[in-house]
Amino acid sequence: MKDETWSSKRSGKRISSELKDRDSFTTEELKPFLTLPGEEISPVTIRTRLNALKRRGVITPVGRGLYTLKKLYDYTPEIDQTLRKVYLELRKRLPLTRICVWRPSWLNEFALHIAFMQTIVVESERETERAVFEVLQESLEKNSSLTGTLLLLNPSAEDIDLYVSGQSPAIVVGRLITEAPVRESDGVIVPRLEKMLVDLFSGGPVLEPFGGVEMDRVFRNAFNTYALNVNTIIRYATRRGKKQEMSDYLTSKKLTGYREVLDDLR
């Protein structure tokens, strides 16, 4: 007897069987699996059925209208107490300032050679970096648990080399680029993994230990483990003046598995 209703279970089995050799595929390529023979459905119904497949764990979004069968995870960094303390102090003193905090050492998860560093990066919107620096300066003087922490404002790569040691804690204050991809994790605003990867590609001084050949490994392992949004990467790279270079890099390293999508984004 012919099936009269669409089923995410049946559709998922077909997708897993027929697209198993594909790294990724578009919404348009999924449409045959989202409709019954002769059925005409609206864009709303397509989104509803795509969401059903995502909830079932059949497909994972990796860009706008781009999906994969790989079992990828959402990136969630570990928020330690020192990082949380720094963030909450800034939120209390500068409640209207857009702030993001993170640790470069989070990228050790993807690297072969572990970089020993106790650095915290604090980024704030343009023209607020000095205020953030001064608040942290006061906090370091009053808080015994942060004694011995080096504080730097917009340091160069040379400053990092000269003053930041892997053995000593440091806080680096810099500018948060407009529309940088951030998220809330356990009550703290941190960068999305897409942001850290673009910062690494752009030559951020605090991420220098992960440059060169190590950068290729970081990108590869990040893409193989977590659900990364290519559109988010390209959009932020554009804000950093690296759109073309970033697109070329992702394509040359075959990180997205779907060159046409990157071509559309150029």
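It should be emphasised that the depicted structure is a prediction, and the values quoted were computed from it without experimental measurement.

(A) Region of the structure containing the nonpolar core. Core analysis: the largest hydrophobic core is formed by 64 residues, its most contacted members being Val122, Leu193, Phe219, Met246 and Leu250. No other element matches helix 7 (residues 193–201), which puts 6 residues into this core. With sequence-adjacent residues up to four places away left out, Val122 is seen in contact with Val86, Leu90, Ile99, Cys100, Val101, Val132, Leu136, Ile171, Val172, Val173 and Gly174. Within the second largest apolar cluster, 16 residues are counted, among which are Leu19, Leu36, Ala52 and Val58.

(B) Geometry of the layout of surface pockets. One number sums up the size of the largest pocket: a volume of about 370 Å³. Surrounding the largest pocket, 20 residues form its lining, Glu123, Gly174, Arg175, Pro205 and Arg240 being those nearest its centre. Looking at the lining of the largest pocket, the elements with two or more residues in it are strand 5 (118–124), strand 7 (169–175) and helix 7. At 4 residues, the largest contribution of residues to the lining of the largest pocket is made by strand 7. Taken together, the residues of the lining of the largest pocket break down into 10 nonpolar, 5 polar and 5 charged.

(C) Just the sheet that holds strand 5, in detail. Taken in spatial order, the 4 strands line up as 4-5-7-6 in an open sheet, and their pairing is mixed. What marks the edges here is a single partner per strand, and that holds for strand 4 (99–102) and strand 6 (150–153). Pairwise comparison of adjacent strand axes, ignoring direction, gives a mean angle of 15 degrees for this sheet. Relative to strand 5, strand 4 is paired through 4 bridges, and the arrangement is antiparallel. Counterpart to Ile99 in the pairing with strand 5 is Ser124.

About the thresholds
Every residue gets a number counted from 1 within its own chain, in the order that chain's sequence is written. For a predicted model such as this one, the threshold for reporting local features is a pLDDT of at least 70, and the threshold for listing and counting side-chain atom pairs is 80 or more; totals across whole chains, interfaces and linings nevertheless cover every residue. To get the side-chain values, take all heavy atoms of the structure and skip hydrogens and water. Put simply, a nonpolar core is a bunch of buried Ala, Val, Leu, Ile, Met, Phe, Trp, Tyr and Cys residues held in one set by side-chain atoms that sit within 4.5 Å of each other. Each residue is placed in one exposure class: buried if its accessible area under a 1.4 Å probe, protein chains only, is under 20% of its type's maximum, exposed if it is over 50%, and partly exposed if it falls in between. In DSSP terms, a helix is any run of H or I states spanning at least four residues, a strand is any run of E spanning at least two, and both are numbered starting from the N terminus. Between two residues, a contact is recorded if the distance between any of their heavy atoms is within 4.5 Å. Detection works on a 1 Å grid of protein atoms alone, calling trapped sets that fit a 1.4 Å probe cavities and calling open sets with protein on both sides within 12 Å along at least five of seven lines pockets, with lining residues defined by an atom within 4 Å of a point. Grid points are joined across faces, edges and corners, and a volume is the space filled by probe spheres set on the points. Amino acids are sorted into nonpolar (Ala, Val, Leu, Ile, Met, Phe, Trp, Tyr, Cys and Pro), charged (Asp, Glu, Lys and Arg) and polar (every other residue, Gly among them). Only strands joined by at least two bridges in the DSSP assignment are considered to pair. With axes taken as lines fitted to C-alpha atoms, and helix axes fitted only over the stretch in contact, angles between N-to-C directions fall between 0 and 180 degrees.

Distances and angles like these do not, on their own, reveal function.
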